[in-house]
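Analysis of the macromolecular model
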Amino acid sequence: MHKIILTDIDGVVLDWQTHFNDYLDKYYPGQELFDPTVFAQGEETGKIIREFNNTAWIGFLKPWKDSVEVLTEFKENGWHIFGCTSMGTDQYANSLRKKNIENLMPDVFARVDIIPFMEPKGHWLSQWRGSGAIWVEDKWSNAILGADMGIRTFLMKQSYNSNHDYKGVEKIDNWRQIYNKVTQWNTKYGTFQEYMMN
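Since the model is a prediction, treat every value here as computed from it, not as a measurement. Position labels on residues start from 1 in each chain and follow its written sequence. In view of the model being predicted, local features appear only for residues whose pLDDT reaches at least 70, and side-chain atom pairs are presented and counted only at 80 or more, with totals across whole chains, interfaces and linings using the full set of residues. The basis for every side-chain value is the complete set of non-hydrogen atoms in the structure, without hydrogens or water.

With respect to the nonpolar core
The criterion is simple. A nonpolar core is a set of buried Ala, Val, Leu, Ile, Met, Phe, Trp, Tyr and Cys residues joined through side-chain atoms within 4.5 Å. A simple rule labels every residue: compare its accessible area, found with a 1.4 Å probe on the protein chains alone, to the largest value its type can have, and call it buried under 20%, exposed over 50%, or partly exposed in between. If you look at the biggest cluster of nonpolar residues, it comprises 40 residues, and the most contacted ones within it are Val13, Phe20, Leu71, Phe74, Phe109, Trp175 and Ile178. Of all elements in the fold, only helix H1 (16-27), helix H2 (43-53), helix H3 (67-76), helix H4 (91-104), strand S3 (109-114), strand S4 (134-137), strand S5 (152-156) and helix H7 (175-188) reach the threshold of two or more residues within this core. Each helix is a run of H or I in the DSSP string that is no shorter than four residues. Each strand is a run of E no shorter than two, and both are numbered from the N terminus. No other element matches H7, which puts five residues into this core. Any two residues whose heavy atoms approach within 4.5 Å at even a single point are treated as in contact. With residues near it in sequence (within four places) discarded, tryptophan 175 still touches Ile5, Thr7, Val12, Val13, Asp66, Ser67, Val70, Leu71, Phe74, Val136 and Met156. Residues Leu6, Phe82, Ile115 and Leu125 belong to the second largest nonpolar core, which totals twelve residues.

Concerning the sheet that holds strand S6 (residues 169-172)
Strand pairing is defined by DSSP finding a minimum of two bridges between the two strands. Across the sheet, six strands lie side by side as S3-S2-S1-S4-S5-S6; this open sheet has parallel pairing. Unpaired on one side and paired on the other, S3 and S6 mark the two borders of the sheet. On average, each strand axis in the sheet is tilted by 20 degrees relative to the strand beside it, whichever way the strands run. Bridge count for strand S1 (residues 4-8) against strand S2 (residues 80-85) is five bridges, and the pairing is parallel. Looking at the pairing, isoleucine 5 lines up with isoleucine 81 of S2. To define axes, lines are fitted to C-alpha atoms, for helices over the stretch in contact only, and angles between the resulting N-to-C directions are given on a 0 to 180 degree scale. Together, S2 and S3 form the strand contacts of H4, whose direction differs from that of S3 by roughly 155 degrees.

Concerning the pairing of S5
Two faces make up the sheet, and in a regular strand the side chains alternate between them. Most of S5 sits inside the fold, with five of its five residues counted as buried. What you see with S5 is no split at all: Arg152, Phe154 and Met156 on one side and Thr153 and Leu155 on the other are buried throughout. Pairing between S4 and S5: four bridges, direction parallel. Residue valine 136 lies in a different strand from S5, and its bridge partner there is phenylalanine 154. Crossover handedness for the path S4 to helix H6 (residues 140-148) to S5: right-handed. Examined bridge by bridge, S5 and S6 share four bridges and lie parallel to one another. From the neighbouring strand, leucine 155 faces S6, where its bridge partner is lysine 171. Handedness of a crossover is defined as follows: orient the strands so they point away from the viewer, and if the path from the first strand over the helix to the second runs clockwise, the crossover is right-handed.

A short note on the pattern of salt bridges
Whenever Lys or Arg places a side-chain nitrogen within 4 Å of a carboxyl oxygen from Asp or Glu, that contact is recorded as a salt bridge. Evaluation of the coordinates by the stated rule reveals ten salt bridges. A salt bridge links aspartate 8 to lysine 121; the shortest N-O distance between them is 2.7 Å. Of this pair, aspartate 8 sits in strand S1 while lysine 121 sits in the loop between S3 and helix H5 (122-126); the two residues are 113 residues apart in sequence, bridging distant segments of the chain. By relative accessible area, which is 5% here, aspartate 8 ends up buried. Judged by its relative accessible area of 2%, lysine 121 falls in the buried class. Taking the shortest distance from any N to any O, the salt bridge between glutamate 170 and lysine 181 comes out at 2.7 Å. Residue glutamate 170 is located in strand S6, and its partner lysine 181 is located in helix H7; the two are separated by eleven residues in the primary sequence. Via salt bridges that share partners, Asp8, Lys121 and Glu137 belong to a single interconnected network.

Observations concerning the environment of serine 126
Looking at where serine 126 falls in the secondary structure, it is placed in helix H5. As for serine 126 and serine 67, which are separated by 59 residues in sequence, their C-alpha atoms are 25 Å apart.

Observations concerning the packing of aromatic side chains
Pairing of aromatic side chains requires ring centres within 6.5 Å, counting the rings of Phe and Tyr and the six-membered ring of Trp. Pairs whose planes differ by under 30 degrees are stacked, by over 60 edge-to-face, and all others tilted. Scanning the entire structure with this criterion turns up 15 aromatic pairs. Taken together, a centroid distance of 6.1 Å and an interplanar angle of 70 degrees make the contact between tyrosine 27 and tryptophan 57 edge-to-face. Note that tyrosine 27 is positioned in helix H1 and tryptophan 57 in the loop between H2 and H3, a separation of 30 residues in sequence. In this structure tyrosine 27 comes out as partly exposed when scored by relative accessible area, which is 46%. An aromatic cluster of three or more residues is present, and its members are Trp16, Phe20, Tyr23, Tyr27, Tyr28, Phe52 and Trp57. In this structure, lysine 26 is placed above the aromatic ring of tyrosine 27, and the distance from its NZ or CZ to the ring centre is 5.6 Å. The ring of tyrosine 179 carries the charged tip of arginine 176 above its face, separated from the ring centre by 5.1 Å. A positively charged side chain is recorded as over a ring if its NZ (Lys) or CZ (Arg) lies within 6 Å of the ring centre. The angle to the ring normal must also be within 35 degrees.

Now the structure itself:
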């Protein structure tokens with residue numbers, strides 16, 4: 001049985017937006033963030049996002065909803081969990097990001113890969129094509145990339161993404177919903193590939 005979870009980090013595992021809004025309130029009062037998954041929403045906002053991702057603030061994000069509880073449960077049930085975040089490649093910020101995740105959920109992630117700022121995740125996802133993995137994202141363009149590769153894709157609903165629909169992308173509110181769906185598949189079909197054939 002394939003037990004592989006691929007997941008974005010911000011807005012899926014960690015609550016990036018709340019922490020970023022706190023940063024804005026402290027250092028840039030009056031600035032607003034409309035959609036953290038879209039860089040082209042104003043040159044100034046884009047610069048602030050990149051700046052924030054390279055500060056010590058990035059090492060102290062809180063979990064997104066039930067991510068710690070459910071991902072730990074997945075791990076205890078034999079799942080291999082791989083993360084990918086396009087936060088940028090500053091080595092010190094990257095180290096803080098990984099420590100943040102490890103402090104919240106020790107030994108849960110097999111690996112967290114960090115790619116350049118706002119880089120699409122198609123290349124990263126391509127290594128998992130045909131693996132039977134599931135993919136969890138909050139950014140539509142990256143969710144679509146996974147779905148188009150035949151990877152079972154979930155979109156973590158946020159205020160900025162819930163109005164879209166795309167074949168092969170299933171919208172969910174939390175990790176428990178994913179766990180329940182995956183448990184149903186594995187009980188009935190054994191693997192995601194067998195599920196898709198029925």
